[in-house]
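For reference, the chains in residue letters:
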Amino acid sequence: MSPVPERRELVRPDATISYRIAGPERAPSVVFLHGATLDSRAWAAQFDALASRYRVVAPDLRGHGLSTVDGRFRFDDAVTDILALLDELGLHAAAGAHVVLVGLSLGGNIAQEIVHREPGRATALVVADSTCNTAPRHPLAAPMTIA
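Here's what I pulled together on the structure shown here. All of these numbers come straight from a predicted model, not from anything done at the bench. (Residues numbered from 1 in each chain as written. Predicted model: local features only at pLDDT ≥ 70, side-chain atom pairs only at ≥ 80, totals over all residues. Heavy atoms only, no water.)

What about the packing of helix α2 (residues 75-88) against helix α3 (residues 106-117)?
- Here α2 crosses α3 at 65°, and the two axes come no closer than 10 Å. Comparing their axes, α3 and α2 come out roughly perpendicular. For the pair α2 and α3, the sense of crossing is right-handed. Contact residues: Phe75, Asp76, Ala78, Val79, Thr80, Ile82, Leu83 and Leu86 in α2; Leu106, Asn109, Ile110, Glu113, Ile114 and Arg117 in α3.
- Class assignment of the residues belonging to the contact of α2 with α3 gives a composition of nine nonpolar, two polar and three charged. (Axes fitted to C-alpha atoms, helices over the stretch in contact; angles between N-to-C directions. Helix = DSSP H or I, 4+ residues; strand = E, 2+ residues; numbered from the N terminus. Parallel < 35°, antiparallel > 145°, perpendicular 65-115°, else oblique. Left-handed = near helix turned anticlockwise from the far one by under 90°. Contact = heavy atoms within 4.5 Å. Nonpolar A, V, L, I, M, F, W, Y, C, P; charged D, E, K, R; others polar.)

Side note on the pattern of salt bridges
- One pass over the full model with this rule turns up twelve salt bridges.
- Here Arg117 and Asp76 are joined by a salt bridge, their closest N and O atoms 2.1 Å apart. One end of the pair, Arg117, is in helix α3; the other, Asp76, is in helix α2, and 41 residues separate them in sequence.
- Here Arg117 falls in the partly exposed class, since its relative accessible area comes to 34%.
- The exposure class of Asp76 is partly exposed, given its relative accessible area of 36%.
- Salt bridges linked by common partners bring Arg12, Asp14, Arg62, Arg74, Asp77 and Asp81 together as one network. (Salt bridge = Lys/Arg side-chain N within 4 Å of Asp/Glu carboxyl O. Buried < 20%, exposed > 50% of the residue type's maximum accessible area, 1.4 Å probe, protein only.)

Brief notes about α2
- Across its 14 residues, α2 extends 20 Å between first and last C-alpha, which sits within 8% of the 20 Å expected from 1.5 Å per residue.
- Restricting attention to buried positions, one finds in α2 the residues Asp77, Ala78, Val79, Asp81, Ile82, Leu83, Ala84, Leu85 and Leu86.
- For α2, the elements touching its buried residues are β1 (6-12), β2 (15-22), β3 (29-33), β4 (55-59), β6 (99-104) and α3.
- Among the residues trailing α2, Gly90 stands out with phi positive, at a value near 70°. (Expected span 1.5 Å × (residues − 1).)

As for the packing of aromatic side chains
- A complete count under the given rule lists one aromatic pair for this structure.
- Lying across the ring of Phe47, Arg20 places its NZ or CZ 4.1 Å from the centre. (Phe/Tyr/Trp six-rings, centres within 6.5 Å; stacked < 30°, edge-to-face > 60°. Lys NZ or Arg CZ within 6 Å of the ring centre and 35° of its normal.)

Here's the deal with the side chain of Glu113
- Structurally, Glu113 is set in helix α3.
- With near-sequence residues (within four places) excluded, Glu113 lies in contact with Phe75, Val79 and Asn133.

Some details on the side chain of His34
- Checked against the element boundaries, His34 lands in the loop between β3 and α1 (44-50).
- Judged by relative accessible area, His34 falls into the buried class, the value being 0%.
- Engagement of the side chain of His34 in a polar contact is seen with the backbone nitrogen of Leu61, the distance being 2.9 Å.
- Discounting chain neighbours no more than four positions away, the residues touching His34 are Asp39, Ser40, Ala42, Trp43, Pro59, Asp60, Leu61, His64, Leu104, Leu106 and Gly107. (Polar contact = N/O pair within 3.5 Å; in protein donor to acceptor, adjacent residues only side chain to side chain.)

Some thoughts on the nonpolar core
- By size, the foremost hydrophobic cluster in this structure holds 24 residues, and its most contacted members are Val31, Val57, Ile82, Leu86, Leu101, Ile110 and Ile114.
- Of all the secondary structure elements, the ones that give two or more residues to this core are β2, β3, α2, β6 and α3.
- Ranked by residue count, the leading element in this core is α2, at seven residues.
- Ignoring any residue separated from it by four or fewer positions in sequence, one finds Ile114 in contact with Val79, Ile82, Leu83, Leu86, Leu101, Pro119 and Arg121.
- Counting residues in hydrophobic clusters, the runner-up holds nine residues, among them Phe32, Phe47, Ala51 and Val56. (Core = buried A, V, L, I, M, F, W, Y, C linked by side-chain atoms within 4.5 Å.)

That is the geometry; function is a separate question.
Okay, here's the thing in C-alpha cells:
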C-alpha cells in the first residue's frame, strides 16, 4: 500500500505552486513534470506505484491544476519554479541526494533545461514526447510546433 500523498504549496513571487509529495523522506527522489494543459494527476499511476519505495514529487506547473500564476505562463519562470521546489525540498544531486527528473512534453523541456543549467541537480533524466532544448532547430520547427 502506497503512502497517502500530501498536498503542499510553494509560494513564488508571482505564482503559487501546488505539489503532491509522498514516500520515505530519505529515499531516492523522483520528480514528475507533466505536459502542457495537464496537471500532476497525469502521473497518478506512476506516483502511486513508486511512493512506497521512493520520495515522489509531482507539481502542478504554474497556471496548471491547482497552481496559480499572476499573468501569463512563461517557460523560464516554470524552470525557476521547479528549481525553487527542488531547493525547498533539499533535492540536489551534487549534495548527495539521488534525484530523477521525469518529464512529459513541456515537463520534459523543463527537466532538460534544469539539467542544462545545473548539471548537478539530477542523477538521472527521463524525457518522453519532447524535443531537445539545446540542439539546433530547423527554421520551420517553431511554426510547425505551434501548428
